[in-house]
Amino acid sequence: MKEIRADYDDQSIVVYQAYSPAIADPALEAQRFVPPFKMTRMTWIKPSFLWMMYRCGYATKEGQERVLAIRITREGFDWAVDNAVSSRIPGKPQVRVQWDPERGLNHEALPIRSIQIGLTGEAAHRYVRDWTVSITDVTDLAREIHAKVRAQDLEGARELLPPERPYGTSTTQNA
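Everything numeric in this text was worked out from a predicted model, so none of it was measured.

Conventions adopted
Residues numbered from 1 in each chain as written. Predicted model: local features only at pLDDT ≥ 70, side-chain atom pairs only at ≥ 80, totals over all residues. Heavy atoms only, no water. Core = buried A, V, L, I, M, F, W, Y, C linked by side-chain atoms within 4.5 Å. Buried < 20%, exposed > 50% of the residue type's maximum accessible area, 1.4 Å probe, protein only. Helix = DSSP H or I, 4+ residues; strand = E, 2+ residues; numbered from the N terminus. Contact = heavy atoms within 4.5 Å. pLDDT = per-residue confidence, 0-100. Phe/Tyr/Trp six-rings, centres within 6.5 Å; stacked < 30°, edge-to-face > 60°. Lys NZ or Arg CZ within 6 Å of the ring centre and 35° of its normal. Pairing = 2+ DSSP bridges.

Draft legend 1. Here's a closer look at the nonpolar core. One finds Phe33, Leu68, Ile72, Phe77, Ile117, Leu119 and Tyr127 to be the most contacted residues of the largest nonpolar core, which totals 33 residues. For this core, the elements supplying multiple residues, two or more each, are strand S1 (4–6), strand S2 (12–19), helix H1 (21–30), strand S4 (66–73), helix H3 (74–82), strand S6 (95–103), strand S7 (109–119) and helix H4 (121–131). In terms of residues, this core owes the most to one element, H4, which gives five residues. Apart from the residues lying within four places of it in its own chain, the contact partners of Tyr127 are Val15, Gln17, Phe33, Thr43, Ile45, Ile70, Ile72, Leu119 and Thr132. Counting residues in each nonpolar core, the second largest holds 18 residues, with Tyr16, Met52, Tyr58 and Ile145 among its members.

So, in structure tokens, the structure goes:
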């Protein structure tokens, strides 16, 4: 089953990315991605906090030591989903989508598939220039949850997770 789960409100949705401090610090200061962030590379956004934790190892992987929560407009997110093509389709589309197994607190695969959206070209420029509402560093939260998971306090870890719920539009179900 495919499902977009996210922290969102009427105007915006939170997506996650992990970077080195060299990219995270200037982005936090500017509240936009600025150099050394490269607009020429595909940038992958993930609305699932736990999938991001799986990808970055709770902020322990080299080059992914800082986890950012980027609040973007729902209009921008919906545009990205509407214009996405499968990562299996050849060519160079502006927006790619992958559905990967959602992850649990111990990185175990769950029976739900979560979305990742890759942005490049004009889509990446829109993300940086038009869609970004705010950028927050959630690295300490990631590490606090990881400490509870390592201590086998899964209930305590769950209580700290961002409030994600199913997100959908008429088009997100078909992506």
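The discussion continues.
Draft legend 2. Quick peek at the confidence of the model for the chain. The predicted model of the chain averages 93 in pLDDT, with 93% of residues at 70 or higher. Considering only residues more than four positions removed or in separate chains, one finds that residues 170–175, a stretch of pLDDT under 50, has 11 contacts.

Draft legend 3. The packing of aromatic side chains, seen in detail. In this structure the tally under the stated criterion is nine aromatic pairs. Between Phe33 and Tyr127, the ring centres sit 5.9 Å apart and the planes meet at 25°, which makes this aromatic pair stacked. Taken as a pair, Phe33 in the loop between H1 and strand S3 (43–45) and Tyr127 in helix H4 lie far apart in primary sequence, 94 residues in all. Side by side, Phe33 and Tyr127 carry an identical accessibility label, which is buried. Measuring from ring centre to ring centre gives 5.4 Å for Phe77 and Tyr167, while their planes differ by 90°; the resulting arrangement is edge-to-face. In this pair, Phe77 sits in helix H3 while Tyr167 sits in strand S9 (residues 165–167), placing the two residues 90 residues apart along the sequence. Taken together, the aromatic side chains of Tyr19, Phe33, Phe37 and Tyr127 make up a single cluster linked through ring pairs. Seen from the ring of Tyr54, Arg103 lies directly overhead, with NZ or CZ sitting 3.8 Å from the centre. One residue, Arg165, lies across the ring of Tyr8, its end atom 3.8 Å from the ring centre.

Draft legend 4. Examining the sheet that holds S3 more closely. Pairing is mixed across the open sheet formed by four strands, whose spatial order is S3-S7-S6-S5. On the outer flanks of this sheet lie S3 and strand S5 (85–86), each paired with one strand and no other. Bridge count between S6 and S7: eight bridges; the pairing is antiparallel. What sits directly across from Gln98, in S7, is Gln116.

Draft legend 5. Molecular detail of the pairing of S7. Where S3 and S7 come together, three bridges link them in antiparallel fashion. Note on S7: the bridge partner recorded for Ile45 is Ile117.

Draft legend 6. A look at the pairing of S4. Within S4, six of the eight residues are buried, which leaves it mostly tucked inside the rest of the structure. Strand direction decides the pairing type here: S2 and S4, joined by eight bridges, are antiparallel. Bridge pairing in S4 places Tyr19 opposite Arg66. Pairing of S4 with strand S8 (residues 132–137) involves five bridges; the strand directions are antiparallel. Note that in S8 the partner of Ile70 across the bridge is Ile135.

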